[in-house]
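# Fold and contact review
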2 protein chains.
Amino acid sequence: MEALIHHIRKFVDLSDQDIPLIESHFQRMEVTKKQTLVQEGQVCRHHYFVTRGCIRLFFMNEKGVEQTTQFALEHWWLSDYMSFFTQTASSFSIQAVEKSVLLVIDFHSQEKLVASLPKMEKYFRMIYQKANAASQLRVKYLFGFSREELYHNFITNYPGFVQRIPQYLLASFLGFTPEYLSELRKKKRS
Amino acid sequence: MEALIHHIRKFVDLSDQDIPLIESHFQRMEVTKKQTLVQEGQVCRHHYFVTRGCIRLFFMNEKGVEQTTQFALEHWWLSDYMSFFTQTASSFSIQAVEKSVLLVIDFHSQEKLVASLPKMEKYFRMIYQKANAASQLRVKYLFGFSREELYHNFITNYPGFVQRIPQYLLASFLGFTPEYLSELRKKKRS
DNA sequence: CGGTCTCTTGACGGAGTTCAAAGCTAGTGG
DNA sequence: CCACTAGCTTTGAACTCCGTCAAGAGACCG
């Protein structure tokens, strides 16, 4: 839980008595590699905070291939926000990429928490604002760069992360096939 | 201003004395077609609420072609959130697509407003949450559909909007060339 | 060590781009 | 209110990036 409290304190001031109140709304959860947290079509009931490990958001495209759209590493939040917010069927699945430790909060607990503690309302407002900013830039990269450039950007910006995940997930995240990724790697070497 | 108040009331309850306080933080602004509100490289100082008309977010790609990433119609919010939130150089431009009426609020006014009126903290939290949900779905569509499918989805989901904007903006938004859009339209007719 | 999952290689094809040129439309000023 | 022009849209040909398919080589796990 300390990781979460520390993260919240980057955005708002918490008094010591706020902490148990916040913690009481979350549950700690350990998941194994490839464990599914949410299945496309079900309601995404939780908002996930990654304490350790890595999870991903993905969907199945028309050809039956998994398309990853987001990763969440340590100290990132993730959910299918449409499903979470409206409590309707999810259009994504969520799965652990590695053995991970998560803190989870369900929709009603989150609403109760922000209602009872305005600091948390502010915290989530800021988290969402940041996520929004990141999405806008993501879309800019997707439109502004060729797949080859996306690959080069990614490996230079997140060299450590590239080590952690299999190639096929990276290809899926960048929006191309493992075969083409392999070709790019070869090109780079020579 | 009524449009904004009405919009806020869809998310939170406002008392009558809240209204002048809220209104005092905004400025009304009329812009002509193609008027630039923010130039890529400058700080995006405002958050824009569209009362009437349409504005867009775009950037210049390496080939010198404008790439539109978002439109905002009546009752939508728009900004370069990274620039707005951190008050650093923007990586997008914002321009009016048509003659429009906007309500604008600068970063410090918005922070003051949400600090003085917790309802507005909640309102913006919800606005950002919705925007987030929309972004996730947007990325899903971008990855999951071919450009031709994106085009068909768009014209069936937003038939009225297609009438309002020039073809080349639609092409830019969907991520392909006006030439290819022209080809798709021809294909559709026959 | 055997089997399954992951990564690599290469040939081929097709969706979408680029370039250039001509036709069309709409806004502007006279 | 018309005429002119700049900007938008259409066409078509050549080209390119990247997907598909199929087959082989590693790598990892029981």
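Residues numbered from 1 in each chain as written. Chains lettered and ligands numbered in written order. Predicted model: local features only at pLDDT ≥ 70, side-chain atom pairs only at ≥ 80, totals over all residues. Heavy atoms only, no water.

## What about the protein's contact with DNA strand C?
Rules: One heavy atom within 4 Å of a molecule or strand makes the whole residue count as near it. As used in this structure description, the phrase polar contact means that two N or O atoms lie within 3.5 Å; if the pair is within protein, one of them must be able to donate a hydrogen and the other to accept it, and residues adjacent in sequence are counted only when both atoms belong to side chains. Numbering goes from the N terminus for both helices and strands, where a helix is a DSSP run of H or I of at least four residues and a strand is a run of E of at least two.
Lining the immediate surroundings of DNA strand C are 17 residues, of which Gln167(A), Lys186(A), Lys63(B), Arg147(B) and Tyr180(B) lie closest. The sugar and phosphate moieties of DNA strand C supply 79% of its atoms located within 4 Å of the protein. A distance of 2.9 Å separates a phosphate oxygen of DNA strand C from a polar backbone atom of Gln167(A). A distance of 3.0 Å separates a phosphate oxygen of DNA strand C from a polar atom in the backbone of Arg147(B). The element best represented in the surface near DNA strand C is helix H9 (residues 178-189) of chain A, accounting for 5 residues.

## Here's the deal with the protein's contact with DNA strand D
Surveying the vicinity of DNA strand D reveals 16 residues, the closest of which are Arg147(A), Tyr180(A), Lys34(B), Gln167(B) and Tyr168(B). For DNA strand D, the backbone portion of the atoms within 4 Å of the protein, that is sugar and phosphate, comes to 83%. Taking Glu179(A), its side chain carries an N or O atom lying 3.4 Å from a base nitrogen of DNA strand D. With respect to DNA strand D, the side chain of Lys186(B) contributes an N or O atom lying 3.1 Å from a phosphate oxygen. Taken together, the elements giving at least two residues each to the surface near DNA strand D come down to H9 of chain A together with helix H8 (167-174) and helix H9 (178-189) of chain B. In terms of residue count, the dominant contributor to the surface near DNA strand D is H9(B) (4 residues).

## Quick look at the side chain of Glu121(A)
To be explicit about the condition: Only protein chains enter the accessibility calculation, which uses a 1.4 Å probe. A residue is then buried if its area is under 20% of the maximum for its type, exposed if over 50%, and partly exposed in between.
Positionally, Glu121(A) belongs in helix H5 (residues 118-144). Exposure remark for Glu121(A): the relative accessible area of 7% places this residue in the buried category.

## A word on the packing of helix H6 (residues 147-157) of chain B against H8(B)
Residues and elements named next belong to chain B. Quick note on the threshold: Here, axes are lines fitted to C-alpha atoms. For helices the fit covers the stretch in contact, and angles between N-to-C directions go from 0 to 180 degrees. Each angle receives one of four descriptions, namely roughly parallel if under 35 degrees, roughly antiparallel if over 145, roughly perpendicular if within 65 to 115, and oblique otherwise. Note: crossing handedness is left-handed where the near helix turns anticlockwise from the far helix by less than a right angle, and right-handed where it turns clockwise. Working rule for contacts: check all heavy atoms of both residues, and any pair within 4.5 Å makes them a contact. Put simply, Ala, Val, Leu, Ile, Met, Phe, Trp, Tyr, Cys and Pro go in the nonpolar bin, Asp, Glu, Lys and Arg in the charged bin, and everything else, Gly too, in the polar bin.
At a minimum axis separation of 10 Å, H6 and H8 run at an interaxial angle of 125°. Taken together, the axis directions place H6 and H8 in an arrangement best described as oblique. For the crossing formed where H6 meets H8, the hand is right-handed. Taken together, the residues of H8 that come into contact with H6 (itself represented by Leu150, Tyr151 and Phe154) are Leu170, Phe173 and Leu174. Classifying every residue of the contact of H6 with H8 gives 6 nonpolar, no polar and no charged.

## Thoughts on the domain arrangement of chain A
Residue and element names in this part refer to chain A. Under the convention used in this document: Where each domain begins and ends follows an automated or database-derived domain assignment. The quantity reported as buried area is the accessible area (1.4 Å probe) lost by two parts once they are put together, taken as the sum for both. Here, a salt bridge means any side-chain nitrogen of Lys or Arg that lies within 4 Å of a carboxyl oxygen of Asp or Glu.
As far as domains go, chain A holds domain 1 (2-144) and domain 2 (146-190). Computed over C-alpha atoms, the centres of domain 1 and domain 2 are 25 Å apart. Every contact between the two is made by 18 residues of domain 1 and, on the other side, 11 residues of domain 2. Of the roughly 1200 Å² buried between domain 1 and domain 2 on both sides combined, carbon and sulfur atoms contribute 58%. If you look at where domain 1 meets domain 2, you find 2 salt bridges. In this structure, the connection of domain 1 to domain 2 is made through 6 residue pairs in polar contact (both at pLDDT 80 or more). Breaking the side of domain 1 that touches domain 2 down by element, the ones donating at least two residues are strand S5 (66-72) and H5.

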